[in-house]
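Structural description and commentary
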Amino acid sequence: MPPFPDDRPIFIFDAQCVLCSRWVDLVLRYDRAGRYRLLSAQSALGRALYVHYGFDCENYDTNILLIDGVALTKAEGSIRLAVGLGLPWSLAALLRVLPRPIADTLYEWVARNRFRMFGRRESCYLPRSADQERFIA
């Protein structure tokens, strides 16, 4: 595993997925404190982390929120990320009333259908120069 800064939570996302890229845009817009770092799953480090945590490094069927070495995925990772953005996004915590298997099944359904529903980018997400420092790779 190559060394990387892990002093803040890291959101690892599929940079070819339009839905995932919109999530990143949301984080960049509402995470005014710069709490989250961002990392493309297609980068060498992103791929290494997917492999390290035992996830598919070809299909990227889940985003990963890495907090203190713990990989949060599927519904819990998305909810935790939203909660960290503050109001109104923190209201996503209400989704925790759903039993975890149901929430994860809904997440998996969206993940399987994300390209059909939202599209695929021709090239990986590229941050604006003003946001570059938020990205690890």
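The shown structure was predicted, so the numbers you read here are calculated from the model rather than taken from an experiment.

Turning our attention to the packing of aromatic side chains. All chains considered together, the criterion is met by 5 aromatic pairs. When the ring of Phe 13 is compared with that of Phe 135, the centres are 6.4 Å apart and the planes differ by 70°; the resulting orientation is edge-to-face. With a gap of 122 residues between them, Phe 13 in strand S1 (residues 10-13) and Phe 135 in the segment after helix H4 (100-118) connect regions that are remote in the sequence. What makes Phe 13 buried here is its relative accessible area of 1%. A centroid spacing of 6.4 Å and a plane angle of 75° characterise the contact between Tyr 50 and Phe 55, whose relative ring orientation is edge-to-face. Phe 55 gets classed as partly exposed once you look at its relative accessible area, which sits at 24%. Through a chain of ring-to-ring contacts, the aromatic side chains of Phe 11, Phe 13 and Phe 135 assemble into a single cluster. Geometry around Phe 115 places Arg 120 over its ring, the cationic atom sitting 3.8 Å from the centre.

Take the packing of helix H3 (residues 74-84) against H4 next. Closest axis-to-axis distance for the H3/H4 pair is 7 Å, and the angle between their directions is 90°. In terms of their interaxial angle, H3 and H4 are classed as roughly perpendicular. Here H3 contributes Lys 74, Ala 75, Glu 76 and Ser 78 to the contact with H4, which in turn contributes Arg 100, Ala 103, Asp 104, Tyr 107 and Glu 108. Tallied by class, residues from the contact of H3 with H4 come to 3 nonpolar, 1 polar and 5 charged.

Rules and cut-offs
Residues numbered from 1 in each chain as written. Predicted model: local features only at pLDDT ≥ 70, side-chain atom pairs only at ≥ 80, totals over all residues. Heavy atoms only, no water. Phe/Tyr/Trp six-rings, centres within 6.5 Å; stacked < 30°, edge-to-face > 60°. Helix = DSSP H or I, 4+ residues; strand = E, 2+ residues; numbered from the N terminus. Buried < 20%, exposed > 50% of the residue type's maximum accessible area, 1.4 Å probe, protein only. Lys NZ or Arg CZ within 6 Å of the ring centre and 35° of its normal. Axes fitted to C-alpha atoms, helices over the stretch in contact; angles between N-to-C directions. Parallel < 35°, antiparallel > 145°, perpendicular 65-115°, else oblique. Contact = heavy atoms within 4.5 Å. Nonpolar A, V, L, I, M, F, W, Y, C, P; charged D, E, K, R; others polar.

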